[in-house]
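Remarks on the overall topology
Given next are the chains, with one letter for each unit.
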Amino acid sequence: MSCIFCRIAAGEIPSQKVYEDERVFAFRDINPVAPVHILIVPKTHIPGADAVSSENSSLVARIFEVIPKIAATEGLSRGYRVVTNVGEDGGQTVMHLHFHLIGGRKLDIMA
Ligand code: DGP
């Protein structure tokens, strides 16, 4: 298994885990841009948001069920941002679907 996020989700590479269930894994970003910066990933490999289909979209739904739970645990009652980058122009550097949960400060307007 060569995908780094597959290996993190499998526990093969250490991470600061914040949530795990049968299908979803969440851990702190190694390069945080805000006081709270968590990555939420499916345990199953999906290359990116451009590879979501009727076959795997239930995993995305599950991730969006989990996000508010993590946000509450992290104390993000004032709000937060959920971002997924897609492809080179979108700034995606890890080709395993992941959602950035960012918060803990007032965020700038996005470019
Ligand atoms: P993106 O640019 O959207 O593909 O985001 C990838 C993010 O993944 C980036 O913010 C840094 C983070 N990241 C990359 N490698 C690791 C790692 O090994 N551990 C952790 N915790 N985060 C990583």
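Please refer to the structure higher up on the page.
To keep things clear, this report deals only with the structure shown in the data block. Please read these numbers as outputs of a predicted model, since none were measured by experiment.

Looking now at the site of the ligand. Close contacts around the ligand come from 15 residues, with Asp29, Asn85, Gly91, Thr93 and His100 the closest. Taking histidine 98, its side chain carries an N or O atom lying 2.9 Å from an oxygen atom of the ligand. The contact in question runs from an oxygen atom of the ligand to an N or O atom on the side chain of histidine 100, over 2.8 Å. Across the complex, the protein chains shield 81% of the 510 Å² of accessible surface that the ligand would expose by itself. When residues of the shell around the ligand are traced back to their parent elements, those giving at least two are helix H1 (4–9) and strand S2 (24–28). Among the elements that take part in the shell around the ligand, H1 stands out by supplying three residues, more than any other.

Take the sheet that holds strand S4 (residues 80–83) next. Reading across from one edge, S1-S2-S3-S5-S4 is the order of the five strands in this open sheet, with antiparallel pairing throughout. A single partner strand is all that each edge strand has here, and the edge strands are strand S1 (17–20) and S4. Mean inter-strand twist for the sheet, computed between neighbouring axes without regard to direction, equals 20°. Where S4 meets strand S5 (residues 99–103), four bridges bridge the pair, whose relative direction is antiparallel. Of the residues in S5, the one forming a bridge with arginine 81 is isoleucine 102.

Here we take up the nonpolar core. Counting 18 residues, the largest nonpolar core has Ile38, Ile40, Ile70 and Leu101 as its most contacted members. If you list the elements that add at least two residues to this core, you get S2, strand S3 (36–42), helix H2 (57–73) and S5. Residue contributions to this core peak at seven residues, all from H2. If we skip the residues at most four places from it in the chain, isoleucine 40 touches Val24, Phe25, Ala26, Ile63, Ile67, Ile70, Leu97, His98, Phe99 and Leu101. If you look at the next biggest cluster of nonpolar residues, it comprises 10 residues, including Phe5, Ile8, Phe25 and Val41.

So, how was this worked out
Residues numbered from 1 in each chain as written. Predicted model: local features only at pLDDT ≥ 70, side-chain atom pairs only at ≥ 80, totals over all residues. Heavy atoms only, no water. Near = heavy atom within 4 Å. Polar contact = N/O pair within 3.5 Å; in protein donor to acceptor, adjacent residues only side chain to side chain. Areas by Shrake-Rupley, 256 points an atom, 1.4 Å probe, with all protein chains shown as cover. Helix = DSSP H or I, 4+ residues; strand = E, 2+ residues; numbered from the N terminus. Pairing = 2+ DSSP bridges. Axes fitted to C-alpha atoms, helices over the stretch in contact; angles between N-to-C directions. Core = buried A, V, L, I, M, F, W, Y, C linked by side-chain atoms within 4.5 Å. Buried < 20%, exposed > 50% of the residue type's maximum accessible area, 1.4 Å probe, protein only. Contact = heavy atoms within 4.5 Å.

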